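Per-entry structural report
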Amino acid sequence: MVKLAKYTKPYLLMILLAIVLLFVQANLDLALPDYLSRIVNTGIQQGGVESAVPVAIRQSEMNRLVVFLSTADKESILADYTLVDKSSPDAAKLSAEYPALEKEALYVLNKIDQAEMDRINPIMGKAILTVSGIEQVLADPSKAAKMGGAFGGMDLSKLPAGTDLFAMLGKLPSEKLVQITDAINKKFEALGDKMIIQAAVSPVRAEYTALGMNTGQLQNNYVMNIGAWMLALTLLSVVCTIIVGYLSGKIAAGMARDIRREVFKKVESFSGSEFDKFSTASLITRSTNDVTQIQMVVFMMVRMVFYAPLLGIGGLIKVISKDSPLSWLIGVAVVVLIGLIMIVFSLSLPKFRITQKLVDRINLVARENLSGMMVVRAFNMQEFEESRFDKANLDLTEVSLFINRVMVVMMPMMMLIMNGLSVAIIWYGAHQVAEANMQVGDMMAFLQYAMQIVMSFLMLSMMFIILPRASVSGDRIAEVLETEPKIHDPEQPVKFPAAFNGTVEFRNVSFRYPGAEEDALHEISFTARPGQTTAFIGSTGSGKSTVVNLIPRFYDVTGGAILMDGVDIRAVTQHDLRDKIGYVPQKSALFSGSIESNLLYADENASPEMLRSAIEISQAAEFVASKPEGLAAEISQGGANVSGGQKQRLSIARALVKKPPVYILDDSFSALDFKTDAALRRAFKDKAANSTLMVVTQRVSTVKNAEQIIVLEDGRVVGKGTHHELMETCETYQEIALSQLSKEELS
Ligand code: ADP
Ligand code: MG
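These numbers were taken from a predicted model, which means no experiment stands behind them. Residue numbers here run from 1 along each chain, matching the order of that chain's written sequence. Here chains are named by letter from A upward and ligands by number from 1 upward, in the order in which they appear as written. Given that this is a predicted model, residues contribute local features only at a pLDDT of at least 70 and side-chain atom pairs are listed and counted only at 80 or more, while totals for whole chains, interfaces and linings are drawn from all residues. With hydrogens and water set aside, each side-chain value is computed from the structure's full complement of heavy atoms.

1. Examining the overall build of the protein
The helix count covers DSSP runs of H or I at least four residues long, the strand count covers runs of E at least two residues long, and both are numbered beginning at the N terminus. A tally of helices and strands in the protein yields 29 helices and 15 strands. Put simply, the radius of gyration uses C-alpha atoms, and a globule should come to 2.2 Å times the residue count raised to 0.38. Against the compact-globule benchmark of 27 Å for 747 residues, the protein has a radius of gyration of 47 Å, which places it well outside the compact range. Seen through its C-alpha atoms, the protein measures out along the principal axes to roughly 155 × 50 × 50 Å. Within the protein, buried positions represent 47% of all 747 residues. Residues count as neighbours in contact if any of their non-hydrogen atoms are within 4.5 Å of one another. Contacts in the protein between residues at least 24 apart in sequence constitute 79% of all its contacts with a sequence separation of at least 6. For the accessible areas, the method is Shrake-Rupley and the probe is 1.4 Å, while residue cover comes only from the protein chains on display. Looking at the protein as shown, the accessible area adds up to about 37700 Å², and 59% of this sits on carbon and sulfur atoms. Here the positive residues are Lys and Arg and the negative ones are Asp and Glu; neither His nor the chain ends is included. Think of each charge as sitting on NZ of Lys, CZ of Arg, CG of Asp or CD of Glu. Across the protein, the centroid of the 72 positively charged side chains sits 1 Å from that of the 79 negatively charged ones. Relative accessibility thresholds used throughout: buried, under 20% of the residue-type maximum; exposed, over 50%; partly exposed, between the two (1.4 Å probe, protein chains only).

This is the structure:
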């Protein structure tokens, strides 16, 4: 995974933008519960009244309040208000708002800053609560007990009716008054400022009613205002989500494209050894399925990996800063969640590693089956193949099922924890609300924060689920990308001589396939000359293909050297080397397209005459002419719609189009009838007279006229010479020849 990190480079800016957006989104999402708590606390419970500092107050009421304020507080608070009456300049406007102005002078709050507001809020709150308490008792003496002894043992219920208590208190000596206020304040201390302000809101509303203000309107305005803010925040958050989704899609798809391109490029550079190491099926899985895994994880990661911690940690900070009595509940939930995630993680991680291997296996079995369908049918092995596929399929299913079961159990567990947490918060929260330790809105906000924290854990756990699989995929891709092909160009390549004639010399060449126990070729030496045919003959597995495959450097020799025109083929670039070679493989491979496109594969600038002549030499003319579309006739994938012999002829024609100095024909006549074989060889001799022709074959008739025949057995040269020489000297050759031709034919 980490090894693929460099592929994020072109997308760093986008990733950064996504992170910024996610940061904004997390902040918006974290702000919402606060607004909710304000709607509930202030908007609904407090009727839209936010503080204990009334925006306006009757002069008579203010006079009562100030009795319970210290001299300093009294002065500062009165300075925050302006006394107005009917004669004031803007009385008309004010009395529309406060109809009570008609009867009495009012104090109207000046524009004060937040700091001053915060300072006087609890002070006013206490005073207002005290005054309203006394007023209630005066109106209904039975409530006196509640005020209990606050007035220094004075029983308010015993006051003679009609006593102006406030006037009386105002006349008390100041020490006595201080004593009373202290006693009252002591009672308030237990409550805390927040609860005092909240309690004071109710008398403030009563005052507003007394002023004739429209309190319903006040409440509506408040709720609408906060609601509008919430809506705006939500919309902004949605916009962030959409943009981040777009960005992450772009980043993930882009990275996948880049990685696929690199993998393909790398595989192109692989030599036979690397293909032997990885297997085609695995290389296909790696450049498709594995890359898709990476794409998926990048997509999720961009959206979640930054967002989840922001939301989770942000939520925790909010909860802790609120100093809520329920914080411990979240602690418990988080510990349980982490435990759960760790269990799931340790169970599923080892399985993910197996999954990709099994996908490889399915691919392999499916590929083998599809390409060998005819053989499977001919041998009535459908059942065997089905059971083979079944096994691979079942293995994968089993592992996938296990992983899914773990996941399936995890989700409800997470939900259980989440819902359990909600219930616990409401249960304990309700008690806290009942005991006036908490406001309802705060409890609801807390509930939302708790959900956000749990959600962030859910997101992280999802990451934990897909990360292991993606990391396995990442490793598999990195393995391909990090494989350095064994065969590479030299740092300072030399050039072939300008007048290239195409002599190929094997000098004591030994070769061992990578990972094999024994050498496949031992001490092979010969020289193939231009204008001559060099033929290789020998039983199956004697190493004929191995010898000729060393010439285009599909593999490198492990001992000795191969020289072309005196230059070691490892000293020139692979491109220069292969430019000189016309190669017809034992298994001819055509590509989907037309006959023409397959021929142009050798040289895209080849003239139509060139193509025609190549087709003629390779004896394919008749077959091409039989097609109504001629050269434009369609070739399906792998050349499945032409016969083996036709495929071979087209392969040879393709090599001819290239007009190389050296031809390598690996068993290329095997599917041709003898007549065509002979015609082809004759045409070759005529039209490519100056080329070096290297022919691998099992047919003696094919090689009879060759200038040089090399007889191979178990990777060793056991005979070298012309047909007649070998008939005299080489036992192996004699055996092969006698098995194929009659005595008369041989002479
Ligand atoms: P043939 O003469 O039939 O063309 P080959 O050159 O294909 O024979 O094979 C020679 C020997 O090398 C055989 O014993 C074969 O098992 C082995 N061999 C061929 N290809 C590979 C490979 N890719 N990896 C390992 N061994 C191989
Ligand atoms: Mg072969």
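Having put the structure on the table, let's press on.
2. With respect to a negative patch on the surface
Like charges within 9 Å and nonpolar side chains (Val, Leu, Ile, Met, Phe, Trp, Tyr) within 5 Å are joined into patches, using only residues over 30% in relative accessible area that form no salt bridge. The salt bridge criterion pairs a side-chain nitrogen of Lys or Arg with a carboxyl oxygen of Asp or Glu, the two atoms within 4 Å. There is a patch of like negative charges on the surface, built from Glu-713, Asp-714, Glu-731 and Glu-735. Tracing the sequence through the fold places Asp-714 in the loop between strand E14 (708-713) and strand E15 (716-721). The exposure class of Asp-714 is exposed, given its relative accessible area of 55%.

3. As for the coordination of the magnesium ion (ligand 2)
On the protein side, the magnesium ion (ligand 2) has Ser-545 (OG) and Gln-586 (OE1) as donor atoms, found 2.0 to 2.4 Å from it. Linking Ser-545 in helix H19 (residues 544-549) with Gln-586 in the loop between strand E9 (581-584) and strand E10 (593-594), this pair joins segments that are 41 residues apart in sequence. Taking the relative accessible area as the measure of exposure, Gln-586 reaches 41% and is therefore partly exposed. In this listing, donors mean N, O and S atoms no farther than 2.8 Å from the metal, or 3.2 Å for Na, K and Ca; water is missing from the atoms, so a site can look incomplete.

4. A short note on the site of ligand 1
Any residue with a non-hydrogen atom lying within 4 Å of a molecule or strand is treated as near it. Surrounding ligand 1, one finds Asp-276, Tyr-513, Ser-539, Thr-540, Gly-541, Ser-542, Gly-543, Lys-544, Ser-545, Thr-546 and Tyr-555. Contacts described as polar in this section are N or O atom pairs within 3.5 Å, which, within protein, must combine one atom able to donate a hydrogen with one able to accept it, while residues neighboring in sequence count only if both atoms come from side chains. Ser-542 places a main-chain nitrogen or oxygen 3.3 Å from an oxygen atom of ligand 1. The protein chains hide 60% of the 560 Å² of surface that ligand 1 would expose on its own. The leading source of residues in the shell around ligand 1 is H19, at three residues. Ten residue types, Ala, Val, Leu, Ile, Met, Phe, Trp, Tyr, Cys and Pro, are classed as nonpolar, four, Asp, Glu, Lys and Arg, as charged, and the remainder, Gly among them, as polar. A per-class count over the shell around ligand 1 returns two nonpolar, seven polar and two charged.

5. Quick look at the sheet that holds strand E3 (residues 106-109)
Strand order in this open sheet of three strands is E1-E3-E2, and the pairing throughout is antiparallel. Lying at the two open borders of the sheet, with one neighbouring strand each, are strand E1 (56-58) and strand E2 (81-84). Each neighbouring strand pair of the sheet contributes to a mean axis angle of 25°, computed without reference to strand direction. Two elements, E1 and E3, share three bridges in a ladder whose sense is antiparallel. Bridge pairing in E3 links Arg-58 to Leu-106. Relative to E1, helix H2 (residues 59-66) is tilted by about 90°, and along the sheet it contacts E1, E2 and E3. If DSSP finds at least two bridges between two strands, the strands pair. Fitted lines through C-alpha atoms serve as axes, helices being fitted only where they are in contact, and the angles separating the N-to-C directions of these axes extend from 0 to 180 degrees.

6. Quick notes on the pairing of strand E6 (residues 533-538)
The element E6 is extensively covered by neighbouring structure, given that six of its six residues are classed as buried. Along E6, one buried face is formed by Thr-533, Ala-535 and Ile-537 and the opposite face, lined by Thr-534, Phe-536 and Gly-538, is buried too. Across five bridges, the pairing between E6 and strand E13 (residues 692-697) is parallel. The partner of Ala-535 across the bridge, within E13, is Val-695.

7. Some remarks on the domain arrangement of the protein
Just so you know, the domain bounds were taken from an automatic or database domain assignment. Partitioning the protein into domains gives domain 1 (2-20 + 230-481), domain 2 (46-213), domain 3 (504-580 + 660-746) and domain 4 (591-647). Placing a centre on the C-alpha atoms of domain 1 and another on those of domain 2 gives a separation of 60 Å.

8. Some points on the packing of aromatic side chains
To describe a pair of aromatic rings, one takes the distance between the centres and the angle between the planes. Two aromatic rings, drawn from Phe, Tyr or Trp (for Trp, its six-membered ring), form a pair once their centres lie within 6.5 Å of each other, and the interplanar angle then sorts them: stacked below 30 degrees, edge-to-face above 60, tilted otherwise. Scanning the entire structure with this criterion turns up 13 aromatic pairs. For the pair Phe-506 and Phe-526, a centre-to-centre distance of 4.5 Å together with 20° between the ring planes defines the contact as stacked. One end of the pair, Phe-506, is in strand E4 (residues 504-511); the other, Phe-526, is in strand E5 (residues 521-528), and 20 residues separate them in sequence. On the basis of relative accessibility, which here comes to 3%, the residue Phe-526 falls in the buried class. Seen in terms of ring centroids, Phe-554 and Tyr-583 are 5.1 Å apart; in terms of plane orientation they differ by 80°. Their pairing is edge-to-face.

9. Describing the pattern of salt bridges
Using the criterion set out here, one finds 24 salt bridges in the structure. Note that Asp-395 is salt-bridged to Lys-391, the shortest N-O span being 3.0 Å. One end of the pair is Asp-395 and the other is Lys-391, both in helix H17 (residues 382-434) and four residues apart, which spans about a single turn. By relative accessible area, Asp-395 is classed as partly exposed at 26%. Taking the relative accessible area as the measure of exposure, Lys-391 reaches 52% and is therefore exposed. We note a salt bridge from Asp-677 to Arg-699, for which the minimum N-O separation is 2.9 Å. One end of the pair, Asp-677, is in helix H25 (residues 674-687); the other, Arg-699, is in the loop between E13 and helix H26 (700-703), with 22 residues separating them in the sequence. For Asp-677, a relative accessible area of 0% gives the class buried. Several salt bridges converge on common partners, so that one network encompasses Arg-58, Glu-61 and Glu-207.

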